[in-house]
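Coordinate analysis (summary)
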Amino acid sequence: MLRCVTQMRITLMGLTSAALLMTAFAGQALAVEVQEVVSDGGITAWLIEDHLNPLLTMDFTFKGAGAATDPSGKTGLANMVSGLIDEGAGAMDSQTFRTEMEDRSISISFDAGRDDFGGSMVTLTRERDTAIDLLRLSLSEPRFDDEAVERIRSQVIGGLKRSENDPGDIASRAFFKSIFGDHAYANSVSGTIETVKSLNANDFRTFVRNAMARDNLVIGVAGDITAAELGPLLDEAFGSLPAKSDLPTIPDVTPKFGGIEVITQDIPQSQAIWGQKGISRKAPDFYAAYVMNYILGGGGFSSRLTEEVREKRGLAYGVYSYLADMDKAEMMMGGVATRNDAVGQSLSIIGQQWQKMKDKGVTQQELDNAKSYLTGAFPLRFTSLGNLSGMLVGMQMEDLGMDFLDKRNSLVDAVTLDQVNRVAKELLEPEHVTVTVVGKPEGDLSF
């Protein structure tokens, strides 16, 4: 019997679907129930019902099944599977499978990150049974036909060849190699041309069998469906998966930060990325760090880095920083692209702002402005069902609780000036920042 285990009432000052932008209810508080649904087969999903439009979105993730699990010599495996798994399944070859989706306006897609392997499905309500069946087939009976394999392989290799000359890609690969060394995080999610060429259908089938199981599955659903209707569909889509995954354990790693590396490329504009130690999403001080980063470099035109580098001096079109939380490492990263003759000045200014934030913190006005924006903009994340189902997956992955949507803004509002300034002093380490520059920067470089 289907069990709707928990219902949490959430109040969103804003919108639950894009269509609400057209209605007179856009400014009202909307009550949304986040429900935990457990199917007869024991498959769990979090659900937000929205019956305004005949549309359903489902996001799902297989925890710990990302590119970091790629075997030695087979990097790019998870990424290749993400491009192949919807290229024919069951009795349908690639063309038949994709034609079925297109004719019924169904979208099924997959994606591989370093830590996890995920996917999403979007369908009209009237086509949801077909969509669920196609999803089931792609997960349980992927074909990996030669034609599809070689076509997707060619696309991946083409992308890898282009990335060999892309300064941003070059910088990213070198940066991760610098801080992670021989750890799996140093490998590109897309692999290398050599490893991608070596992958075969047996590799893909082994990945699917070992990585996609019910014990590492996280599901979020939003749209025109009830909890009672969802339960059987969960069993239909995912019930044939193995009960247990069989994935290698990714070892812990401590990134090694510090130093500047220049990779020479004859281009008029250099690309620089940098990073230092970060903070866990589960840390008590996360929201203080989140607000601090918004003020420093995460707030676009309102950030100090944009003000100093772009607005005052016109050195770069964009400059940014962000918090990156991986399963085995946390980082605070940033990037800038600027003329070769302006790289040194730009990095010096960015480093000065890093140090100034550490030494002097932020002002009360900056804090008030940041909290006002971060709390006011939060409901705009829920202007599409896809955002909602994706958020439900993230809430489960990070153990944020079913009441997160209700309490998130209060967590931001609770951040104090003393907390932000203490975290800035403890977290920021301008002397231990790794910088990778690709281009022909002129003059001395320092951060």
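Residues numbered from 1 in each chain as written. Predicted model: local features only at pLDDT ≥ 70, side-chain atom pairs only at ≥ 80, totals over all residues. Heavy atoms only, no water.

1. Topic: the sheet that holds strand 12 (residues 434-439)
Spatial ordering of the open sheet is given by 8-12-9-11-10, a layout of five strands whose pairing is mixed. One side of each edge strand has no neighbouring strand; the edge strands of this open sheet are strand 8 (259-264) and strand 10 (316-325). The sheet shows a mean angle of 15° between the axes of neighbouring strands, direction not considered. By the bridge criterion, eight bridges tie strand 10 to strand 11 (residues 330-339) in an arrangement that is antiparallel. Residue pairing in the sheet places Y322 in a bridge with M333 of strand 11. (Pairing = 2+ DSSP bridges. Helix = DSSP H or I, 4+ residues; strand = E, 2+ residues; numbered from the N terminus. Axes fitted to C-alpha atoms, helices over the stretch in contact; angles between N-to-C directions.)

2. Some details on empty space enclosed by the protein
Inspection of every chain in the model, using the stated rule, returns one cavity of 30 Å³ or more. By volume, the largest cavity amounts to about 40 Å³. Lining the largest cavity, in full, are A67, A68, D70, T75, G76, R114, A184, N187, S188 and V189. (1 Å grid on protein atoms, 1.4 Å probe; cavity = no way out; pocket = protein on both sides within 12 Å on 5 of 7 lines; lining within 4 Å. Points joined across faces, edges and corners; volume = space filled by probe spheres on them.)

3. A few points about unusual backbone geometry
Phi angles above zero are rare outside glycine, and S105 is one such case at about 55°. Assignment of secondary structure puts S105 in the loop between helix 2 (94-103) and strand 5 (107-112). Here F144, not a glycine, exhibits a phi torsion of approximately 55°, which is positive. The topology assignment puts F144 in the loop between helix 3 (128-140) and helix 4 (146-163). For F144, a relative accessible area of 3% puts it in the buried group. (Buried < 20%, exposed > 50% of the residue type's maximum accessible area, 1.4 Å probe, protein only.)

4. Quick notes on the domain arrangement of the protein
When its domains are assigned, the protein resolves into domain 1 (34-239) and domain 2 (260-439). Here the C-alpha centroids of domain 1 and domain 2 sit 29 Å apart. In this complex, domain 1 contributes 36 residues to the contact, which on the side of domain 2 involves 30 residues. Remark: the boundary between domain 1 and domain 2 carries zero salt bridges. For the pair domain 1 and domain 2, the number of links is eight residue pairs in polar contact (both at pLDDT 80 or more). Looking at the side of domain 1 that touches domain 2, the elements with two or more residues in it are strand 2 (29-38), strand 3 (44-49), strand 4 (55-62), helix 5 (167-180) and strand 7 (217-223). If one sorts the elements of the side of domain 1 that touches domain 2 by residue count, helix 5 sits on top with eleven residues. Classifying every residue of the side of domain 1 that touches domain 2 gives 20 nonpolar, nine polar and seven charged. (Domains from an automatic or database assignment. Contact = heavy atoms within 4.5 Å. Salt bridge = Lys/Arg side-chain N within 4 Å of Asp/Glu carboxyl O. Polar contact = N/O pair within 3.5 Å; in protein donor to acceptor, adjacent residues only side chain to side chain. Nonpolar A, V, L, I, M, F, W, Y, C, P; charged D, E, K, R; others polar.)

5. A closer look at the packing of aromatic side chains
Applying the stated criterion across every chain, the model contains 19 aromatic pairs. With a centroid separation of 5.7 Å and 85° between ring planes, the pair formed by F175 and F176 is classed as edge-to-face. The pair formed by F175 and F176 is uniform in burial state, with each residue classed as buried. Plain terms: the ring middles of F378 and F404 are 6.3 Å apart, the flat faces sit at 90° to each other, and that makes the pair edge-to-face. Here F404 lies in helix 14 (residues 404-413) and F378 lies in the loop between helix 12 (364-377) and helix 13 (385-397), a separation of 26 residues in the sequence. (Phe/Tyr/Trp six-rings, centres within 6.5 Å; stacked < 30°, edge-to-face > 60°.)

6. With respect to the layout of surface pockets
A volume near 970 Å³ is recorded for the largest pocket. In this structure, the largest pocket is lined by 37 residues; those nearest its centre are R281, D325, G394, M397 and E398. Contributions of two or more residues to the lining of the largest pocket are made by strand 7, helix 9 (286-298), strand 10, helix 13 and helix 14. Broken down by element, the lining of the largest pocket gets its largest block of residues, seven residues, from helix 13. Across the lining of the largest pocket, the residue classes break down as 15 nonpolar, seven polar and 15 charged. A domain split of the lining of the largest pocket shows at least three residues from each of domain 1 (34-239) and domain 2 (260-439). Of the pockets and cavities examined, the second largest pocket occupies roughly 220 Å³. In terms of lining residues, the second largest pocket is bounded by R114, L160, S163, D169, S172, R173, F176, A186, N187, S188, V189 and S190. Of all the secondary-structure elements, those providing two or more residues to the lining of the second largest pocket are helix 4 and helix 5. It is helix 5 that provides the largest number of residues to the lining of the second largest pocket, a total of four residues.

7. Details of the packing of helix 12 against helix 14
How two helices pack is summed up by the angle between their axes together with the distance between the axes. Across the interface, helix 12 lies against helix 14 with an axial gap of 9 Å and an inter-helix angle of 175°. One element, helix 12, and the other, helix 14, form an angle in the roughly antiparallel class. Along its contact with helix 12, which presents K371, L374 and T375, the element helix 14 presents R408, N409, V412 and D413. (Parallel < 35°, antiparallel > 145°, perpendicular 65-115°, else oblique.)

8. Considerations on the pattern of salt bridges
With the rule as written, the count across this model stands at 27 salt bridges. Among the salt bridges present, the one from R128 reaches E229, with a minimum N-O distance of 3.4 Å. With R128 in helix 3 and E229 in helix 8 (residues 227-238), this pair connects stretches of sequence that are 101 residues apart. Exposure remark for R128: the relative accessible area of 14% places this residue in the buried category. A salt bridge links K407 to D403, with the nearest nitrogen and oxygen atoms 3.6 Å apart. Taking the relative accessible area as the measure of exposure, K407 reaches 30% and is therefore partly exposed. Here the salt bridges share partners, and the residues they tie into one network are D86, E87, R98, E147 and R151.

9. Remarks on the pairing of strand 9 (residues 269-277)
Where strand 9 and strand 11 come together, nine bridges link them in antiparallel fashion. For Q269, the partnering residue across the bridge sits in strand 11 and is R339. By the bridge criterion, five bridges tie strand 9 to strand 12 in an arrangement that is antiparallel. From the neighbouring strand, A272 faces strand 12, where its bridge partner is V437.

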